[in-house]
Amino acid sequence: MKFAVMINEGPYQHQSSDSAYNFVKAALDKGHEIFRIFFYHDGVNNATRLTIPPQDDRNIVERWSALAKEHELDLVVCVAAAQRRGLLDENEASRNGKDANNIDESFRISGLGQLIEAGIQADRLVVFGD
Amino acid sequence: MEGDVKKFMYLNRKAPYGTVYALESLEVVLIGAAFDQDVSLAFVDDGVYQLANNQTTTPNDGIGMKNFSPTYKALGDYDVTKLYVDQESLEARGLSVDDLMPLTYEDEDDDWAEKPSIRVVSREELTNIMDEQDVVLSF
């Protein structure tokens, strides 16, 4: 089956991202396809490469990044939600005159159309929220 | 993608202010309208407050946040014409349809007659409508 996943909460504060990660891993292990993972609301915070969790805890961002590289996952961060919350890639930073960027290289910034398209293309869209 | 029309439901469960869910949900609805899918919105729990009439948020009279409720009035122009409101949620909050914005759309199949977009439905009706959906986005 072809799944799309939407993650609506940030890392650590909510379990949403952890649950989604476990779901995606299980789906891939079973041979399913993950069409896209879309990060919205505070979920965009899962994309900052500047996160530093304590050493004895999981690194949620690096975990997503590693899984994406292993399985060529399409990790998409909503541009409007990201800009509100100070999540920028190099392009967005220079376009908006900001002096830094923080998006991990495994994520890409795009628009909400990517979410709707995922809903159309996938057999199931699974939402992980609060 | 052409010819591939799915039933999309946006499920709104949160009050319009206090968290950003309602505002960002509405942003998805507006973008999604460009994709020519079969779209409906459902309002349950505190989500029914999103449609409350006479919202005032100016710094003098309210909480100093952007009042985005006028945007719901534009949904009809985006062919978003099915807004289901859970009756139980309304009643539990002492509200009736008269406390909600009088949202309408022009029905192109009926000589552009103006019709109400809001339909108050029972839990059972809403359950059946949800069951028919291909995609449910929960906010």
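Our subject is the structure listed above.
Fair warning: this is a prediction, and the values are worked out from it, not measured in the lab.

Conventions adopted
- Residues numbered from 1 in each chain as written.
- Chains lettered and ligands numbered in written order.
- Predicted model: local features only at pLDDT ≥ 70, side-chain atom pairs only at ≥ 80, totals over all residues.
- Heavy atoms only, no water.
- Helix = DSSP H or I, 4+ residues; strand = E, 2+ residues; numbered from the N terminus.
- Rg over C-alpha atoms; globule rule 2.2 N^0.38 Å.
- Contact = heavy atoms within 4.5 Å.
- Areas by Shrake-Rupley, 256 points an atom, 1.4 Å probe, with all protein chains shown as cover.
- Buried < 20%, exposed > 50% of the residue type's maximum accessible area, 1.4 Å probe, protein only.
- Lys, Arg positive; Asp, Glu negative; His and termini not counted.
- Charge placed at Lys NZ, Arg CZ, Asp CG, Glu CD.
- Pairing = 2+ DSSP bridges.
- Axes fitted to C-alpha atoms, helices over the stretch in contact; angles between N-to-C directions.
- 1 Å grid on protein atoms, 1.4 Å probe; cavity = no way out; pocket = protein on both sides within 12 Å on 5 of 7 lines; lining within 4 Å.
- Points joined across faces, edges and corners; volume = space filled by probe spheres on them.
- Nonpolar A, V, L, I, M, F, W, Y, C, P; charged D, E, K, R; others polar.
- Patch = residues over 30% accessible without salt bridge, like charges linked within 9 Å, V, L, I, M, F, W, Y side chains within 5 Å.
- Salt bridge = Lys/Arg side-chain N within 4 Å of Asp/Glu carboxyl O.
- Buried area = accessible area lost by both parts, 1.4 Å probe.

Draft legend 1. Representation of the overall build of chain B within the structure. When you go through chain B residue by residue, the secondary structure sums to 4 helices and 7 strands. Radius of gyration (C-alpha) of chain B: 15 Å, near the 14 Å computed for a compact globule of 139 residues. With the C-alpha coordinates of chain B rotated into their principal frame, the extents come out at 50 × 30 × 30 Å. Across chain B, the fraction of contacts at a sequence separation of at least 24, relative to all contacts at a separation of at least 6, is 77%. Of the roughly 7,300 Å² that chain B leaves accessible, carbon and sulfur atoms contribute 45%.

Draft legend 2. The arrangement of the overall build of chain A in detail. Of regular secondary structure, chain A possesses 5 helices and 5 strands. For 130 residues, the compact-globule formula gives about 14 Å, and the C-alpha radius of gyration of chain A, at 14 Å, lands near that figure. With the C-alpha coordinates aligned to their principal axes, the bounding extent of chain A is approximately 45 × 40 × 30 Å. Counting the 130 residues in chain A, one finds 53% classified as buried. A total of about 6,200 Å² of accessible surface is found on chain A, and carbon and sulfur atoms cover 42% of it. The distance from the centre of the 14 positive side-chain charges to the centre of the 20 negative ones in chain A is 4 Å.

Draft legend 3. Seen up close, the sheet that holds strand β4 (residues 107-110) of chain A. All names here are of chain A. Within the open sheet, the 5 strands sit side by side as β4-β3-β2-β1-β5. Their pairing is parallel. Each having just a single partner strand, β4 and β5 (124-128) make up the two edges of the open sheet. Adjacent strand axes in the sheet meet at a mean angle of 25°, parallel and antiparallel pairs treated alike. Pairing analysis gives 3 bridges linking strand β2 (residues 33-39) to strand β3 (residues 75-78), with the strands arranged parallel. Looking across to β3, one finds that F39 is bridged to V77. Taken strand by strand, helix α5 (residues 113-121) contacts β1 (2-7), β2, β3, β4 and β5, and its axis lies near 155° from that of β2.

Draft legend 4. Just the layout of surface pockets, in detail. Residue and element names in this part refer to chain B. Estimates place the volume of the largest pocket at around 450 Å³. Surrounding the largest pocket, 21 residues form its lining, Y78, D79, V80, T81 and E108 being those nearest its centre. Broken down by secondary-structure element, the contributors of at least two residues to the lining of the largest pocket are β2 (38-43) and β4 (104-107). When residues of the lining of the largest pocket are assigned to their parent elements, the largest contribution, 4 residues, is made by β4. Of the residues in the lining of the largest pocket, the class split is 6 nonpolar, 5 polar and 10 charged.

Draft legend 5. Highlighting a negative patch on the surface. Residue and element names in this part refer to chain B. Residues D36, D77, D79, E106, E108, D109 and E114 make up a contiguous surface patch of negative charge. As for its position among the elements, D77 is in the loop between α2 (70-74) and β3 (83-86). When its relative accessible area of 72% is taken as the criterion, D77 is described as exposed.

Draft legend 6. View of the interface of chain A and chain B. If you look at the interface, chain A gives 21 residues, while chain B gives 23 residues. Summing both partners gives a buried area of about 1,800 Å² for chain A against chain B, and 61% of it is carried by carbon and sulfur. Considering only the surface of chain A that becomes buried against chain B, A:H41, A:I116 and A:I120 emerge as the three largest contributors, covering 34% of it. Seen at the junction of chain A and chain B, the total is 3 salt bridges.

Draft legend 7. Just unusual backbone geometry, in detail. All names here are of chain B. The phi dihedral of D45 is positive, around 50°, even though this residue is not glycine. Along the chain, D45 falls in the loop between β2 and α2. Taking relative accessible area as the criterion, D45 reaches 36% and is therefore assigned partly exposed. Positive phi is not limited to glycine here, since W112 has a value of about 55°. Tracing the backbone shows W112 in the loop between β4 and β5 (113-116).

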